[in-house]
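# Chain and residue survey
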Amino acid sequence: MPTTRAGIAAIALACLAWPGAAYTQSDSLGVGRKMLAEDNPGELWVERGKRVFAEPRGPKRASLEQCDFGLGPGKLEGAYAALPRYFSDTDKVQDLESRLVTCMVNLQGFKSEDLAKTAMGNLDQMSDMEALAAYIASRSNGMKMNVRLSHQKEYDLYKAGEYIFFRRNGPTDFACVTCHGDNGKRIRLQDLPNMMDPKQMQETVSTWPAYLGTQSNLRTMQWRLKICYWQMRLPDLPYLSDLSIAITSYLNYQGNGAVIQVPGVKR
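Residues numbered from 1 in each chain as written. Predicted model: local features only at pLDDT ≥ 70, side-chain atom pairs only at ≥ 80, totals over all residues. Heavy atoms only, no water.

### Observations concerning the layout of surface pockets
The test is simple: As defined here, a cavity is a set of points on a 1 Å grid over the protein atoms alone where a 1.4 Å probe fits but cannot get out. A pocket is an open set with protein on both sides within 12 Å along at least five of seven lines, and residues line them when an atom is within 4 Å of a point. Grid points are joined across faces, edges and corners, and a volume is the space filled by probe spheres set on the points. The secondary structure listing takes helices from DSSP runs of H or I that are at least 4 residues long and strands from runs of E that are at least 2 residues long, numbered from the N terminus. Gly falls in the polar group here, along with every residue not listed as nonpolar (Ala, Val, Leu, Ile, Met, Phe, Trp, Tyr, Cys, Pro) or charged (Asp, Glu, Lys, Arg).
For the largest pocket, the calculated volume is near 1,100 Å³. Taken together, 39 residues form the lining of the largest pocket, with Gln190, Asp191, Pro193, Trp208 and Arg224 sitting closest to its centre. Per element, the largest residue contribution to the lining of the largest pocket is nine residues, and it comes from helix α10 (residues 221–231). For the lining of the largest pocket, a count of residues per class yields 22 nonpolar, ten polar and seven charged. Taken as a whole, the second largest pocket holds about 240 Å³ of empty space. Among the secondary structure elements, those contributing two or more residues to the lining of the second largest pocket are α5 (112–117) and α6 (128–138). Looking at side-chain class alone, the lining of the second largest pocket contains six nonpolar, five polar and four charged residues.

### Quick look at the pattern of salt bridges
Filter applied, for reference: Salt bridges, as used here, are contacts in which a Lys or Arg side-chain nitrogen is within 4 Å of a carboxyl oxygen on Asp or Glu. Partly exposed describes any residue whose relative accessible area lies between the buried limit of under 20% and the exposed limit of over 50%, with all areas from a 1.4 Å probe on protein chains only and scaled to the type maximum.
This model, assessed by the stated rule, comprises nine salt bridges. With its nearest N and O atoms 2.9 Å apart, the salt bridge here joins Asp128 to Arg57. Of the two residues, Asp128 is situated in helix α6 and Arg57 in the loop between α3 (43–54) and β1 (85–87); the sequence distance between them amounts to 71 residues. Residue classification places Arg57 among the buried positions, given a relative accessible area of 12%. The salt bridge partner of Asp89 is Arg99, with a shortest N-O separation of 2.9 Å. Of the two residues, Asp89 sits in the loop between β1 and β2 (92–94) while Arg99 sits in helix α4 (residues 96–106), which places them ten residues apart along the sequence.

This is a description of form; function is not addressed.
Written out as structure tokens, the structure is:
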């Protein structure tokens, strides 16, 4: 009987948990990720995003083909590699998802508050926003991350993100660097990249959006940051907040030179 993408994901996860596996835990995790990467279920989100991008939608019945992600209307190749960046029409520094919401509001007539409610899917339903993000980001595959700080607001937000990354706060007195400042750290089965190591930082920022095997879903960096804040017992991180874009600005700039390959594969 043919094996579906979902079946492959299930088999890979089962292999990770099988008590008689001949691999060490670290080796088995690598094998599982490799199995998923070879037939990445995240490609389903990319294909969905491609269809949704060109489909007339919203009150204005328009597509997103005239959306400008920084290189001109409709030009996607290489756009994700330079995000976050400053946009003069909004007078803001925007990441991929915040720029996408701007286009969906202005071109298609959606309301930003409604989009925020459905931006992150669940186990039973794909999210259009995550699918669109995966498709747009995938159009920069093979290109190098190239975030600039040429505008004052880009520099200011980057410095804010740097401050947030190292600032300890909350009931656990955690900072981002608490979990991501040394080699060999792990939460349960999840290896934690050492983002003080340029190579590991590059590997991290160049593989989001990513397919998560434990959720059978594709997620974006906005989701990852939201969950990090939840794990640190901090107040809920609002979708597309300046704080989240500041952190992304810091991470992506530090990851400059990384070759983009999305969707990535995570546990």
